[in-house]
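Summary of the model geometry
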Amino acid sequence: MSEAAAAKKPDEPIDLKPVYEILDRLAGQKGMLIPILQQVQDAYGYVPEEAANAVADGTGSYRSQVYGVLTFYTQFHLSPRGRHIIRACAGTACHVKGGAQVIHRMENELGVKHGGTTADLIFSFEEVACIGACGLAPVIMIDHDAFGNLDPNTAETVLKKFRKKALAEIEAEGSEGEKNDGGEDASGE
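Scanning the protein chain for helices and strands turns up eight helices and four strands. Listing the helices and strands of the protein chain from first to last along the sequence gives α-α-α-α-α-β-α-α-β-β-β-α. Going through the 189 residues of the protein chain one by one, you find that 37% of them count as buried. The long-range share in the protein chain, meaning contacts at least 24 apart out of those at least 6 apart in sequence, stands at 62%. Counting only carbon and sulfur atoms, one obtains 52% of the accessible surface of the protein chain, whose full area is about 11200 Å².

Set out below in structure tokens:
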């Protein structure tokens, strides 16, 4: 996700500069609509409406064509996603070993259900049919890290550790942004 996109506040117009840079590189080449949309999503973490419309205008496509692609493929997201994606396995092995209780605890801790994103945009939560790690059942993945042999309590512990780490990263990014903006850091320097 670009800094411009990450710095967007709710109800603030988005900076379309990343979209125009992507279009400058790829527009005009046949069959590039999906790669353009993938790069737009990489830049923003999702495909904002204004960006989708800019892609339609920049590629000479109808907006309905662009939205057709965006809504057909599950890889695309039309609303902001969390900075960390949690995938909880709902497959047979996980279900038999208590995966439903792990999922229920995760939903309660996050305050969102399948497909939801926390209000602080730290986590998006998804139930998936199978993660392919049945030997670790019940298992979840947070981004690319697997956490297995969970019960509701250990799942909650993993989630709390990850949230603490994410909040520290956000705070560090904020401090770094203030330094780059010419502001003072916490030491007053």
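What follows concerns the packing of aromatic side chains. Inspection of the entire model under this criterion finds two aromatic pairs. When the ring of Phe-72 is compared with that of Tyr-73, the centres are 4.9 Å apart and the planes differ by 85 degrees; the resulting orientation is edge-to-face. Under the relative-accessibility criterion, Phe-72 is labelled exposed at 61%. The exposure class assigned to Tyr-73 is partly exposed, which follows from its relative accessible area of 33%. With centroids separated by 6.2 Å and ring planes inclined at 85 degrees, the aromatic side chains of Phe-147 and Phe-162 adopt a geometry described as edge-to-face. Remark: Phe-162 occurs in helix 8 (residues 152-180) and Phe-147 occurs in strand 4 (residues 145-147); sequence separation between them is 15 residues.

At the junction of Ala-137 and Pro-138, the peptide bond is cis and its omega measures out at -10 degrees in the coordinates. Its identity is not glycine, yet Asp-143 carries a phi of approximately 55 degrees, on the positive side. The residue Asp-143 is located in the loop between strand 3 (140-142) and strand 4 in this model.

What follows covers the pairing of strand 2 (residues 123-128). Counting buried positions along strand 2 yields five of six residues, so the element is predominantly enclosed. Where strand 1 (residues 84-89) meets strand 2, six bridges bridge the pair, whose relative direction is parallel. Among the inter-strand pairings, Ile-86 is bridged to a residue of strand 2, identified as Phe-125.

Our focus in this paragraph is the sheet that holds strand 3. Pairing is mixed in the open sheet, where four strands are placed in the order 2-1-3-4. For this open sheet the edge positions go to strand 2 and strand 4, each flanked by a neighbour on one side alone. On average, each strand axis in the sheet is inclined to that of its neighbour by 20 degrees, with strand direction left out of account. Examined bridge by bridge, strand 3 and strand 4 share three bridges and lie antiparallel to one another. When the sheet's bridge partners are listed, Ile-140 is paired in strand 4 with Phe-147.

The buried fraction of strand 1 is high, at five of six residues. Note: strand 1 against strand 3, three bridges, orientation antiparallel. Bridge pairing links Ile-86 to Ile-142 in strand 3.

Within helix 4 (residues 49-59), burial applies to Ala-51, Ala-52, Asn-53, Ala-54, Val-55 and Ala-56. Contact partners of the buried residues in helix 4: helix 2 (17-26), helix 3 (33-44) and helix 5 (63-72). Gly-60 occupies a position one or two residues after helix 4 and carries a positive phi of about 75 degrees.

With respect to the helices and strands, His-77 occurs in the loop between helix 5 and strand 1. Side chain to side chain, His-77 and Arg-81 meet in a polar contact 3.5 Å long. Residues contacting His-77, with those up to four places away along its chain left out, are Gln-41, Tyr-46, Val-47 and Glu-126.

Turning to the packing of helix 2 against helix 4, a few remarks are in order. The interhelical angle for the contact between helix 2 and helix 4, taken along N-to-C directions, is 30 degrees, at an axis separation of 10 Å. Taken together, the axes of helix 2 and helix 4 are roughly parallel relative to one another. The chirality of how helix 2 crosses helix 4 is right-handed. Residues Val-19, Tyr-20 and Leu-23 of helix 2 pack against Ala-51, Ala-54, Val-55, Gly-58 and Thr-59 of helix 4. Each residue belonging to the contact of helix 2 with helix 4 can be placed in one class, and the counts come to six nonpolar, two polar and no charged.

Rules behind the numbers
- Residues numbered from 1 in each chain as written.
- Predicted model: local features only at pLDDT ≥ 70, side-chain atom pairs only at ≥ 80, totals over all residues.
- Heavy atoms only, no water.
- Helix = DSSP H or I, 4+ residues; strand = E, 2+ residues; numbered from the N terminus.
- Buried < 20%, exposed > 50% of the residue type's maximum accessible area, 1.4 Å probe, protein only.
- Contact = heavy atoms within 4.5 Å.
- Areas by Shrake-Rupley, 256 points an atom, 1.4 Å probe, with all protein chains shown as cover.
- Phe/Tyr/Trp six-rings, centres within 6.5 Å; stacked < 30°, edge-to-face > 60°.
- Pairing = 2+ DSSP bridges.
- Axes fitted to C-alpha atoms, helices over the stretch in contact; angles between N-to-C directions.
- Polar contact = N/O pair within 3.5 Å; in protein donor to acceptor, adjacent residues only side chain to side chain.
- Parallel < 35°, antiparallel > 145°, perpendicular 65-115°, else oblique.
- Left-handed = near helix turned anticlockwise from the far one by under 90°.
- Nonpolar A, V, L, I, M, F, W, Y, C, P; charged D, E, K, R; others polar.

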